[in-house]
Amino acid sequence: MRNEVRFSGFGGQGIILSAVILGRAAVMYDNKYAVQTQVYGPEARGGASMSAVIIDDAPILYPKVAVPGIYVIMSQEGFEKYGADAVNPAVMLVDSTLVHSRPACRCIEIPATKEAKATLGRDIVANIVMLGALVRSTHVVSETALEKAILDSVPRGTEDLNIRAMKKGIELAAGISP
């Protein structure tokens, strides 16, 4: 099954790292194929940035996301630039702390930045909270694969914080009815 996932937020939120982790989880731990692309130019600090991942059970012949079925949006500007055109049957996870608009498609509100700051003491792991929520909501990769990919990808000494962030995202998404 093919899944096209688009991440967007502002530079510095870990948008590209999120896509890399998701792709790594798919390829290294869920025995799938994945391709990751990114946009980071002048957007790298503060402006809207975007990254995308295609995950499939079969080899991927074209690496560009055409019509995302899943969106993870972490800033209002990211929504306006990369998510406002989302329509059914897509699903969009939004960081409800920072995104005020809502799409025409199914929307899952996750207060990632608020929870990262309040319960984990570090808003920098909001992207990992969103990854946990994404995987719990969509099952695009397994939770076990995501955890292993996070451990492979985060700086040494931050593993515990990042795993707690992932579990917080899973918990937040579990509390939302489908």
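Residues numbered from 1 in each chain as written. Predicted model: local features only at pLDDT ≥ 70, side-chain atom pairs only at ≥ 80, totals over all residues. Heavy atoms only, no water.

### Observations regarding the packing of helix α1 (residues 15-29) against helix α4 (residues 126-138)
In step 1: Where α1 contacts α4, the axes come no closer than 10 Å and their chain directions differ by 40°. With respect to their mutual orientation, α1 and α4 come out oblique. Pair α1 / α4 crosses with right-handed handedness. Between α1 and α4, the contacting residues are Leu 17, Ser 18, Ile 21 and Leu 22 on the first element and Asn 127, Ile 128, Leu 131, Leu 134 and Val 135 on the second.
In step 2: Residue composition of the contact of α1 with α4, grouped by class: seven nonpolar, two polar and no charged. (Axes fitted to C-alpha atoms, helices over the stretch in contact; angles between N-to-C directions. Helix = DSSP H or I, 4+ residues; strand = E, 2+ residues; numbered from the N terminus. Parallel < 35°, antiparallel > 145°, perpendicular 65-115°, else oblique. Left-handed = near helix turned anticlockwise from the far one by under 90°. Contact = heavy atoms within 4.5 Å. Nonpolar A, V, L, I, M, F, W, Y, C, P; charged D, E, K, R; others polar.)

### Looking at the pattern of salt bridges
In step 1: Counted according to the given criterion, the structure contains six salt bridges.
In step 2: We note a salt bridge from Glu 4 to Arg 2, for which the minimum N-O separation is 3.0 Å.
In step 3: Judged by its relative accessible area of 12%, Glu 4 is buried.
In step 4: In this structure, Glu 171 engages Lys 168 in a salt bridge whose closest nitrogen and oxygen atoms are separated by 3.1 Å. Placement of the pair is Glu 171 and Lys 168 together in helix α6 (residues 159-174), with a separation of three residues, close to one helical turn.
In step 5: Judged by relative accessible area, Lys 168 falls into the buried class, the value being 14%. (Salt bridge = Lys/Arg side-chain N within 4 Å of Asp/Glu carboxyl O. Buried < 20%, exposed > 50% of the residue type's maximum accessible area, 1.4 Å probe, protein only.)

### Describing the sheet that holds strand β4 (residues 70-73)
In step 1: The six strands are arranged β2-β3-β1-β4-β5-β6 in an open sheet whose pairing can be described as mixed. The sheet is open, and its two borders are formed by β2 (33-39) and β6 (106-110), each paired with just one other strand. Sheet twist, expressed as the average angle between the axes of neighbouring strands with direction ignored, equals 15°.
In step 2: With four bridges joining them, strand β1 (residues 3-10) and β4 adopt parallel strand pairing. Paired with Phe 7 across the bridge in β4 is Val 72.
In step 3: The strands that α4 touches are β1, β4, β5 (91-95) and β6; relative to β5, the one it contacts most, it runs at about 155°. (Pairing = 2+ DSSP bridges.)

### Thoughts on the side chain of Asn 127
In step 1: In this fold, Asn 127 is placed in helix α4.
In step 2: Those residues in contact with Asn 127 that lie beyond four places of it in its chain are Gln 13, Gly 14, Leu 17, Ser 18 and Met 74.

### Brief notes about the layout of surface pockets
In step 1: By volume, the largest pocket amounts to about 230 Å³.
In step 2: Along the walls of the largest pocket sit 15 residues, with Leu 17, Ile 124, Asn 127, Pro 155 and Asn 162 positioned nearest its centre.
In step 3: Contributing elements (two or more residues each) for the lining of the largest pocket: α4 and α6.
In step 4: Looking at the lining of the largest pocket residue by residue, the class counts come to seven nonpolar, seven polar and one charged. (1 Å grid on protein atoms, 1.4 Å probe; cavity = no way out; pocket = protein on both sides within 12 Å on 5 of 7 lines; lining within 4 Å. Points joined across faces, edges and corners; volume = space filled by probe spheres on them.)

### Structural notes on the environment of Tyr 62
In step 1: Here Tyr 62 lies in the loop between β3 (48-56) and β4.
In step 2: The exposure class of Tyr 62 is exposed, given its relative accessible area of 52%.
In step 3: For the pair Tyr 62 and Pro 155, spaced 93 residues apart in the sequence, the C-alpha separation amounts to 32 Å.
In step 4: Aside from chain neighbours lying at most four places away, what touches Tyr 62 is Arg 2 and Ile 54.

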